[in-house]
Amino acid sequence: MQIYGKADIHSTMYKDLKKGDVFYFLKDCKEFLGQKIYMRCGHTSENSAVNLETGICYGFDDNEPVEIVEATLNIEQKK
């Protein structure tokens, strides 16, 4: 037997993220340039995440499939 197409199989859900995890939603990954990158936080509620481009905090559904991003934060000195 040959099995093809495992695109919709994913085990990480929004509720599984820890505070500080950087991620994107799988529904946003159809276009690489259209991805919105978020960081899970808990400042305003337990289900909040901040959009790292805009700085706006949003609430999300626990069962939304996500992909965790391996991220590095670089802090540059002001010139």
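Everything below is about the structure shown above.
### Details of the sheet that holds strand S5 (residues 66–68)
Next, step 1: Within the open sheet, the 5 strands sit side by side as S4-S3-S2-S1-S5. Their pairing is antiparallel. Edge strands, defined here as strands with exactly one partner in the open sheet, are strand S4 (57–59) and S5. Pairs of neighbouring strands in the sheet enclose a mean axial angle of 40°, with direction left out of account.
Next, step 2: Summarising the sheet, strand S1 (residues 22–25) and strand S2 (residues 38–40) pair through 2 bridges and their orientation is antiparallel.

### A short note on the pairing of S1
Next, step 1: Neither face of S1 is left uncovered, since the one carrying Val-22 and Tyr-24 and the one carrying Phe-23 and Phe-25 both have all their residues buried.
Next, step 2: In this structure, S1 lies alongside S5, joined through 3 bridges in antiparallel fashion. Bridge pairing links Phe-25 to Val-66 in S5.

### Section: the side chain of Asp-21
Next, step 1: Its place among the elements puts Asp-21 in the segment before S1.
Next, step 2: Of the side chains with opposite charge, Lys-18 lies nearest to the buried Asp-21, which makes no salt bridge, at 4.9 Å.
Next, step 3: At a separation of 2.8 Å, a polar atom in the side chain of Asp-21 contacts the main-chain amide nitrogen of Lys-18.
Next, step 4: Excluding residues that lie within four positions of it along the chain, Asp-21 makes contacts with Tyr-38, Met-39, Arg-40 and Ile-68.

What counts, and where the lines are drawn
Residues numbered from 1 in each chain as written. Predicted model: local features only at pLDDT ≥ 70, side-chain atom pairs only at ≥ 80, totals over all residues. Heavy atoms only, no water. Pairing = 2+ DSSP bridges. Helix = DSSP H or I, 4+ residues; strand = E, 2+ residues; numbered from the N terminus. Axes fitted to C-alpha atoms, helices over the stretch in contact; angles between N-to-C directions. Buried < 20%, exposed > 50% of the residue type's maximum accessible area, 1.4 Å probe, protein only. Lys, Arg positive; Asp, Glu negative; His and termini not counted. Salt bridge = Lys/Arg side-chain N within 4 Å of Asp/Glu carboxyl O. Polar contact = N/O pair within 3.5 Å; in protein donor to acceptor, adjacent residues only side chain to side chain. Contact = heavy atoms within 4.5 Å.

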